[in-house]
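Fold and geometry: a report
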Amino acid sequence: MTQREIDVLRRLAEGLDTAETAEKTTFSERAVKNVIHDLSQRLELRNRTHAVACALRNGAI
């Protein structure tokens, strides 16, 4: 995972929504959505919760 993906997943794990994640990471909302979508497609994840769980299991966050 890239640092950008880890930053987004860390914010999602804190319970932030897309707008809050964008504000905290200084990315646009569209960029946050793209990071989540690209990561989900690449790792065959079902949703944001699955992405956070995967990152936790792999020690990324």
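Check the entry above for the structure.
This paragraph deals with the overall build of the protein. Helix and strand content of the protein: 4 helices and 0 strands. Along the chain direction, N to C, the helices and strands of the protein fall in the order α-α-α-α. A compact globule built from 61 residues would reach a C-alpha radius of gyration of about 10 Å, and the protein, at 10 Å, matches this within 12%. Oriented by its inertia axes, the alpha-carbon framework of the protein measures out at about 25 × 20 × 20 Å. Counting the 61 residues in the protein, one finds 38% classified as buried.

Taken together, D17, E20, E23 and E29 make up a surface patch of like negative charges. Within the secondary structure, E29 sits in helix α3 (residues 29–43).

Mapped onto the fold, H50 is located in helix α4 (residues 48–57). In contact with H50, other than residues within four places in its own chain, are E44, L45 and R57.

In this model α3 runs 21 Å from its N-terminal to its C-terminal C-alpha over 15 residues, within 8% of the 21 Å that 1.5 Å per residue would give. Every buried residue belonging to α3 is among A31, V32, V35, I36, L39 and S40, and all of these are buried. Taken down its axis, α3 places every buried residue within 165° of arc, on the same side. Away from its buried face by more than 90 degrees, α3 exposes R30 and Q41. If you follow the buried residues of α3, they end up packed against α1 (3–13), α2 (18–25) and α4.

Inspection of α4 places H50, A51, V52, C54 and A55 among the buried residues, and these make up the whole buried set. Contact partners of the buried residues in α4: α1 and α3. Between a side-chain oxygen at the N-terminus of α4 and the backbone nitrogen of T49 the separation is 3.1 Å; the capping residue is N47. At the exit of α4 stands G59, carrying a positive phi of roughly 75°.

Basis of the calculations
Residues numbered from 1 in each chain as written. Predicted model: local features only at pLDDT ≥ 70, side-chain atom pairs only at ≥ 80, totals over all residues. Heavy atoms only, no water. Helix = DSSP H or I, 4+ residues; strand = E, 2+ residues; numbered from the N terminus. Rg over C-alpha atoms; globule rule 2.2 N^0.38 Å. Buried < 20%, exposed > 50% of the residue type's maximum accessible area, 1.4 Å probe, protein only. Patch = residues over 30% accessible without salt bridge, like charges linked within 9 Å, V, L, I, M, F, W, Y side chains within 5 Å. Areas by Shrake-Rupley, 256 points an atom, 1.4 Å probe, with all protein chains shown as cover. Salt bridge = Lys/Arg side-chain N within 4 Å of Asp/Glu carboxyl O. Lys, Arg positive; Asp, Glu negative; His and termini not counted. Charge placed at Lys NZ, Arg CZ, Asp CG, Glu CD. Contact = heavy atoms within 4.5 Å. Expected span 1.5 Å × (residues − 1). Arc of directions from axis to C-beta. Polar contact = N/O pair within 3.5 Å; in protein donor to acceptor, adjacent residues only side chain to side chain.

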